[in-house]
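As a plain string of letters, each chain reads:
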Amino acid sequence: MSKAYEELTITEDGRKLLKKAEQDQVETVWDRHQAQQPQCGYCDMGLSCRICAMGPCRVDPFGEGPQKGVCGADADIIVARNLCRMVAAGASSHSDHGRDLVEVLAGVAKGTAPGYTIRDEGKLRKVALEYGINPEGKDVLPLAGELAWAMMEDYGMRQEQITLLKRAPEKRRELWKKIGVTPRGIDRETSEMMHRTHMGVDNGWQSLLLQALRNALSDGWGGSMIATEVSDILFGIPTPRPTMVNAGVLKQDQVNIIVHGHNPVVSEMILKACESPEMLALAEAKGASGINLAGVCCTGNELLMRHGVPMAGNHLMTELILSTGAVDMMLVDYQCIMPSLGTVAACYHTKMISTSDKARFPGMEHREFHPDNARKLAEELVKEAIENFTRRGKVYIPVEPVPAIGGFSVETIVGALGGTPEPLIEAIKAGKIRGAVGIVGCNNPKIKHDHGHVTLTKRLIENDILVVDTGCVSVANAKAGFKVPEAIAMAGPGLKEVCGSLGIPPVLHLGSCVDNVRILVLASALADALDVDISDLPLAGAAPEWYSEKAVTIGVYFVASGVYTVLGPMPPITGSLNVVNLLTEGLNDVVGAAFAVEPDPENAALLIRRHIEGKRKALGLSSIKV
Ligand code: BF8
Ligand code: SF4
């Protein structure tokens, strides 16, 4: 590690734990990132292709070497195909997560998922109605079964369009129809994306990218939306609740269990087991004063939103959390789990458990969760974590935790506004709130950890722009102190007044990455109330530190839904000027929104403010020059 810790992360716990990791000779993501330098320029520009065995091929960006792959694909085709495959991978990840939840819903209905229940009957009935199922007079379990079956149809090919697309404003749906990107089935669009990018199929870079829009929409209004809705039905609609964040949530005197990954199907069961009197008594018998369950990444967000479970850190903190030596067990499911974690844990006493039939990791014990065994297995594992507490060595918990409020859903935001989005619209019309921005996505060692998120958020709220966040951004912003009502002190005068009167922070935690769909639903409600399209609203999206394929898909469905989106790291597309121009300009003429790329969060804030003021002006609202 040659760089100073201050250059790697803005967070105090991150810096202190980086030092500890170095002392313990633990290799981290930053070490490996440095060891990879210089990273491949062809891949960075999207100009390499290894889709078939005539390759691998690359196109020379300087025009001197080969300009075509062995099959004849040029830079435009290769770059577009690579990006499309990223979208397909992201869409399939979210949507497969949604599928797992639908299976649990079906299991609850059949009585084969002991321990899971329907926590929100009202939401079950409401969503059933949206699926064309009359819930009247129906008992909960058969209704849950019917809904699960209807959702399974969304994954297939028997429908002209996925069901929850109806939630989008009519103008937007008409536009999608006109340009041919209405998603038909969730798996269908991903499958077609993979088909089209096979050698010798779709070699039009524009038509490929249009299918990428349709594929991403099948996630945003399909797979991810199903994941969010079914999570609410099974585990409850999130409501604002206090919690604590950063590595300081670990407790010296308690059994510390960390859940990592994405699907609440595992983490909810672990939480139940942690709360059982039998386990608490066992923990006490082993000399611990309690069982402390905390999260990292998105499954942590799911628990935080619904139960106020504390959050230990985001993506780049996942190795460092282990280097505290205080984690007795970490359970992972899938997505964003670095394969290095087992090796890090081996330096300490931490037990590492993988739980999903589709995700294995070196150095972890595999204990597979299924709806029928989840309750029993969760109890067994919590017991083992308690036993492991007695094997702990020296512990280093470097900071005190920071308070935050998490758990805003569309339902609770509208509830806080008095049951209708009208007060928010009035505040926007009056210019007290200039607009709203969804800041989403990951950490990436290419960007100073959390710097992009926190700087952008700070600049936006001080300029009266309401921020909603999800995923790893929400952890960064909570650690920075933006998520308590007192944070209005950092907001501009208008936002301060509105949030102050509602008693809410200026930065609202909307959940995990699949919960980005809550932003789509909120945007649709605002558009409908103003009788405009989403692309007319003073809204924007940003992913200042994105790294994952899922984040690409989210960005694409934001833009395809009409939300201007600013990315921090450059996606691997610079090898094709045509693709760059389409994504950053041309899409404006197609879907009324486009991407911008700006790694500097100060500049990103300016771009977003300019965009928001431009949209205000077009709507005939007061606007200022930025
Ligand atoms: O789905 S924000 S690093 S944890 S991909 Fe991953 Fe990115 Fe975090 Fe959650 Ni989302
Ligand atoms: Fe090369 Fe074409 Fe095969 Fe890609 S698909 S590896 S460009 S021959």
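Residues numbered from 1 in each chain as written. Chains lettered and ligands numbered in written order. Predicted model: local features only at pLDDT ≥ 70, side-chain atom pairs only at ≥ 80, totals over all residues. Heavy atoms only, no water.

The next thing to look at is the overall build of the chain. Each helix and strand in the chain was counted, giving 25 helices and 16 strands. Along the three orthogonal principal directions, the C-alpha set of the chain runs to about 65 × 65 × 50 Å. Counting across all 626 residues of the chain, residues that qualify as buried make up 62%. The contacts in the chain between residues at least 6 apart in sequence include a share of 74% that link residues at least 24 apart. Here the chain displays about 22,800 Å² of accessible surface, and carbon together with sulfur accounts for 54% of that area. Computing the positive centroid from 63 side-chain charges and the negative centroid from 74, the chain places the two 1 Å apart. (Helix = DSSP H or I, 4+ residues; strand = E, 2+ residues; numbered from the N terminus. Buried < 20%, exposed > 50% of the residue type's maximum accessible area, 1.4 Å probe, protein only. Contact = heavy atoms within 4.5 Å. Areas by Shrake-Rupley, 256 points an atom, 1.4 Å probe, with all protein chains shown as cover. Lys, Arg positive; Asp, Glu negative; His and termini not counted. Charge placed at Lys NZ, Arg CZ, Asp CG, Glu CD.)

Once that is clear, we can look at the coordination of the nickel atom of ligand 1. Just one protein atom donates to the nickel atom of ligand 1; it is Cys-513 (SG), sitting 2.2 Å from the metal. Here the nickel atom of ligand 1 is ringed by four donor atoms whose angles at the metal span 92 to 150°, and the overall shape comes out irregular. (Donors = N, O, S within 2.8 Å, 3.2 Å for Na, K, Ca; no water. Tetrahedral: all angles 85-135°; square planar, octahedral: opposite > 155°, others 65-115°.)

Contacts to ligand 2 come from 13 residues, most closely from Cys-49, Cys-52, Cys-57, Cys-71 and Arg-81. Looking at side-chain class alone, the shell around ligand 2 contains nine nonpolar, two polar and two charged residues. (Near = heavy atom within 4 Å. Nonpolar A, V, L, I, M, F, W, Y, C, P; charged D, E, K, R; others polar.)

With that settled, consider unusual backbone geometry. With omega at -10°, the peptide bond leading from Gln-37 into Pro-38 counts as cis. Within the fold, Pro-38 resides in the loop between α3 (29-35) and α4 (41-44). The omega torsion across Gly-55 and Pro-56 is 5°, close enough to zero to call that bond cis. Following the sequence through the fold, Pro-56 ends up in the loop between β1 (48-49) and β2 (57-58). A positive phi is found at Cys-297, a non-glycine position, where the angle reads about 55°. Within the secondary structure layout, Cys-297 lies in helix α13 (residues 297-307).

Positionally, Asp-450 belongs in the loop between β11 (435-439) and α19 (451-462). On the basis of relative accessibility, which here comes to 0%, the residue Asp-450 falls in the buried class. Spatially, the C-alpha atoms of Asp-450 and Cys-49 are 32 Å apart, while their sequence positions differ by 401 residues. Not counting residues within four places of it along the chain, the set of residues in contact with Asp-450 comprises Ile-10, Thr-11, Asn-314, Asn-443, Ala-476, Lys-479 and Glu-545. A distance of 3.3 Å separates a polar atom in the side chain of Asp-450 from a polar atom in the side chain of His-449. (Polar contact = N/O pair within 3.5 Å; in protein donor to acceptor, adjacent residues only side chain to side chain.)

The pairing of strands in a sheet comes from backbone hydrogen bonds and takes either a parallel or an antiparallel form. An order of β13-β12-β11-β14-β15-β16 is seen for the six strands of this open sheet, with the pairing classed as parallel. The open sheet is flanked by β13 (507-511) and β16 (595-597), the only strands paired with a single partner. Strand-to-strand twist across the sheet, computed as the mean angle between neighbouring axes with direction ignored, equals 25°. Two strands pair when backbone bridges link them, and strand β14 (residues 539-543) and strand β15 (residues 565-567) are joined in this way by three bridges, in the parallel orientation. If you follow Ala-542 over to β15, its bridge partner there is Val-566. (Pairing = 2+ DSSP bridges. Axes fitted to C-alpha atoms, helices over the stretch in contact; angles between N-to-C directions.)

Moving on: the domain arrangement of the chain. In terms of domains, the chain is made up of domain 1 (75-235), domain 2 (241-389) and domain 3 (409-618). Distance between the C-alpha centres of domain 1 and domain 2: 29 Å. Counting residues at the interface gives 17 residues for domain 1, matched by 17 residues for domain 2. Interface area, domain 1 with domain 2, both sides summed: about 1,500 Å², of which 51% is carbon and sulfur. On the domain 1 side of the interface with domain 2, the three residues burying the most area are His-97, Tyr-116 and Phe-235, jointly 36% of the side's total. One can count eight residue pairs in polar contact (both at pLDDT 80 or more) joining domain 1 with domain 2. Of all elements in the fold, only α5 (75-110) and α10 (205-235) reach the threshold of two or more residues within the side of domain 1 that touches domain 2. In the side of domain 1 that touches domain 2, the residues fall into six nonpolar, seven polar and four charged. (Domains from an automatic or database assignment. Buried area = accessible area lost by both parts, 1.4 Å probe.)

A few words on the site of ligand 1. Neighbouring ligand 1 are the residues His-262, Cys-297, Cys-298, His-315, Cys-336, Gly-441, Cys-442, Cys-472, Cys-513, Tyr-547, Ser-548 and Lys-550. Measuring from an oxygen atom of ligand 1, one finds a side-chain N or O atom of His-262 at 2.7 Å. Lys-550 places a polar side-chain atom, nitrogen or oxygen, 2.9 Å from an oxygen atom of ligand 1. Tallied by class, the residues present in the shell around ligand 1 amount to seven nonpolar, four polar and one charged. Each of domain 2 (241-389) and domain 3 (409-618) contributes no fewer than three residues to the shell around ligand 1.

Attention now moves to the packing of α10 against helix α24 (residues 577-591). When two helices pack together, you describe them by how their axes are tilted relative to each other and by the distance separating the axes. At a minimum axis distance of 12 Å, the contact between α10 and α24 shows a crossing angle of 60°. Classified by the interaxial angle, the pair formed by α10 and α24 is oblique. As for how α10 packs across α24, the hand of that crossing is right-handed. Residues Trp-205, Leu-209, Leu-210 and Leu-213 of α10 form the contact with α24, whose own contacting residues are Asn-578, Val-579, Leu-582, Leu-587, Val-590 and Val-591. Looking at side-chain class alone, the contact of α10 with α24 contains nine nonpolar, one polar and no charged residues. (Parallel < 35°, antiparallel > 145°, perpendicular 65-115°, else oblique. Left-handed = near helix turned anticlockwise from the far one by under 90°.)

All right, on to the layout of surface pockets then. By volume, the largest pocket amounts to about 1,200 Å³. Along its surface, the largest pocket is lined by 33 residues, and Gln-39, Met-86, Lys-446, Tyr-547 and Pro-572 are the ones closest to its centre. Where the lining of the largest pocket is concerned, the elements lending two or more residues are α3, α4, β1 and α5. Partitioned by chemical class, the residues of the lining of the largest pocket number 17 nonpolar, ten polar and six charged. Its volume calculated, the second largest pocket comes out at about 280 Å³. Forming the boundary of the second largest pocket are Lys-123, Lys-126, Arg-167, Glu-229, Ile-237, Val-410, Glu-411, Arg-518, Val-521, Ser-524, Ala-525 and Asp-528. The set of elements that each furnish at least two residues to the lining of the second largest pocket consists of α6 (121-130), α17 (410-416) and α22 (516-530). Partitioning the lining of the second largest pocket into residue classes produces four nonpolar, one polar and seven charged. Inspection of the lining of the second largest pocket shows a minimum of three residues originating in each of domain 1 (75-235) and domain 3 (409-618). (1 Å grid on protein atoms, 1.4 Å probe; cavity = no way out; pocket = protein on both sides within 12 Å on 5 of 7 lines; lining within 4 Å. Points joined across faces, edges and corners; volume = space filled by probe spheres on them.)

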